[in-house]
Amino acid sequence: MSQPQNPLTERYSQLQTRLRHAEQHCGRPSGSVQLLAVSKTIPAEIVRHVAQLGQRAFGENYQQEATEKQAHLSDLNLCWHFIGPLQSNKSRTIAEKFSWLQSLDRLKLAQRLSDQRPEDMVPLNVCLQVNISGEQSKSGVTPDELSRLAAAITELPGLTLRGLMALPAPCDNVDQQRRVFTSVRELYQGLIDEGHQLDTLSMGMSGDLEAAVAEGATIVRIGSALFGARDNKR
Ligand SMILES: *Cc1c(COP(=O)(O)O)cnc(C)c1O
């Protein structure tokens with residue numbers, strides 16, 4: 001008789017299957033889309049459980065919560081992405097404790113992060129958060145600012161520009177989801193055409209990962225489909 005599985009173990013395996021199906025469905029190689037487990041509001045011990053299942057990359061939105069969790073999990077070799085809005089006065093922690101910042105949206109912040117990145121660490125990987133129409137929050141770079149900002153960031157020694165991140169407003173209609181992701185992919189391609197060497201298109205969450213994968217996402221950021229619904233919808 002098989003043992004009943006821990007629900008988290010079960011959800012992790014279902015999510016992997018869902019992601020592989022999404023890749024297969026649009027003819028992309030299996031494993032070409034990276035899963036970022038979004039662990040905001042999730043206690044360190046639950047993160048540890050998911051890490052034990054083989055998950056390495058975790059996304060956090062709140063600087064203080066994240067650094068406390070990192071301290072509890074410092075015995076594990078995890079890769080931390082900061083994906084939330086970032087105030088300039090919190091930038092040092094991000095520069096010192098994270099591998100990635102996906103929510104970069106202004107040059108001042110980029111310059112601070114570059115200066116604050118410790119010299120014995122590889123440059124901080126960054127994605128510009130792009131604000132396409134229908135964006136939930138006010139944060140993000142508008143499409144017309146993108147080119148100039150990308151060029152300026154490439155000059156900063158402490159940062160490596162890897163690509164774009166998008167956070168569209170939730171929407172149940174798959175065609176509409178695809179349209180938004182198409183426009184993000186076109187902006188991404190535009191930067192590549194300008195000579196930027198990019199490899200990261202971070203888009204797709206629990207409710208729209210299939211549409212994002214079909215439009216070329218290389219990272220999907222998944223919270224609730226893995227950890228369950230957050231009671232506090234921050
Ligand atoms: C919370 C969050 C996610 C995950 O959302 P789910 O719908 O729970 O998968 C992804 N990206 C960002 C920026 C988030 O804040």
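Only a predicted model underlies this, so the values are computations on that prediction, with no experimental measurement involved.

A word on the overall build of the protein
Within the protein, the secondary structure is distributed over nine helices and eight strands. Scaling as 2.2 N^0.38, a compact globule of 234 residues should have a C-alpha radius of gyration of about 17 Å, and the protein matches this with 17 Å. Every one of the 234 residues in the protein was classed for burial, and the buried ones make up 49%. Of the roughly 11,800 Å² of accessible surface on the protein, a fraction of 48% belongs to carbon and sulfur atoms.

Brief notes about the site of the ligand
Close to the ligand lie V38, K40, N61, I83, L167, M205, S206, R221, I222, G223, S224 and R230. For the ligand, an oxygen atom lies 2.7 Å from a polar atom in the side chain of K40. G223 is positioned with one of its backbone polar atoms (N or O) 2.8 Å from an oxygen atom of the ligand. A class-by-class count of the residues in the shell around the ligand yields five nonpolar, four polar and three charged.

Section: the packing of aromatic side chains
Applying the stated rule across the entire model yields two aromatic pairs. Judged by centre distance (5.9 Å) and plane angle (40 degrees), the ring pair of F58 and W80 falls under tilted. Of this pair, F58 sits in strand β2 (residues 57–60) while W80 sits in strand β3 (residues 79–82); the two residues are 22 residues apart in sequence, bridging distant segments of the chain. Just as F58 is buried, W80 falls in that class too. Measuring from ring centre to ring centre gives 5.5 Å for F82 and F98, while their planes differ by 90 degrees; the resulting arrangement is edge-to-face. You can see F82 sitting in strand β3 and its partner F98 sitting in the loop between α4 (91–97) and β4 (100–104), a full 16 residues away along the chain. Each member of the pair, F82 as well as F98, carries the same accessibility label: buried.

Some points on the side chain of S206
With respect to the helices and strands, S206 occurs in the loop between β7 (200–202) and α8 (209–214). In this structure the side chain of S206 is engaged in a polar contact, spanning 3.3 Å, whose partner is the side chain of S224.

Scoring rules and cut-offs
The numbers attached to residues start from 1 for each chain and follow its sequence in the written order. Side-chain atom pairs in this predicted model are given and counted only at pLDDT of 80 or more, local residue features only at pLDDT of at least 70, and totals for whole chains, interfaces and linings cover all residues. Side-chain figures throughout are based on the complete set of non-hydrogen atoms in the structure, without hydrogens or water. Only DSSP runs of H or I covering at least 4 residues are called helices, and only runs of E covering at least 2 are called strands; the numbering of each starts at the N terminus. As a reference, a globule follows 2.2 Å times the number of residues to the power 0.38, and the radius of gyration itself is taken over C-alpha atoms. Think of it in three bands: with a 1.4 Å probe and only protein chains considered, a residue is buried below 20% of the maximum accessible area for its type, exposed above 50%, and partly exposed in between. In short, Shrake-Rupley with a 1.4 Å probe defines the accessible areas, and a residue's cover is counted only from the protein chains shown. One heavy atom within 4 Å of a molecule or strand is enough for the residue carrying it to be called near that molecule or strand. We call two N or O atoms a polar contact when they sit within 3.5 Å, provided that within protein one can donate a hydrogen and the other can accept it, with sequence-adjacent residues counted only if both atoms are side-chain atoms. Polar here means any residue other than Ala, Val, Leu, Ile, Met, Phe, Trp, Tyr, Cys and Pro, which are nonpolar, and Asp, Glu, Lys and Arg, which are charged; Gly is therefore polar. Only centres within 6.5 Å qualify two rings of Phe, Tyr or Trp (six-membered ring in Trp) as a pair; their planes then separate them into stacked at under 30 degrees, edge-to-face at over 60, and tilted for everything else.

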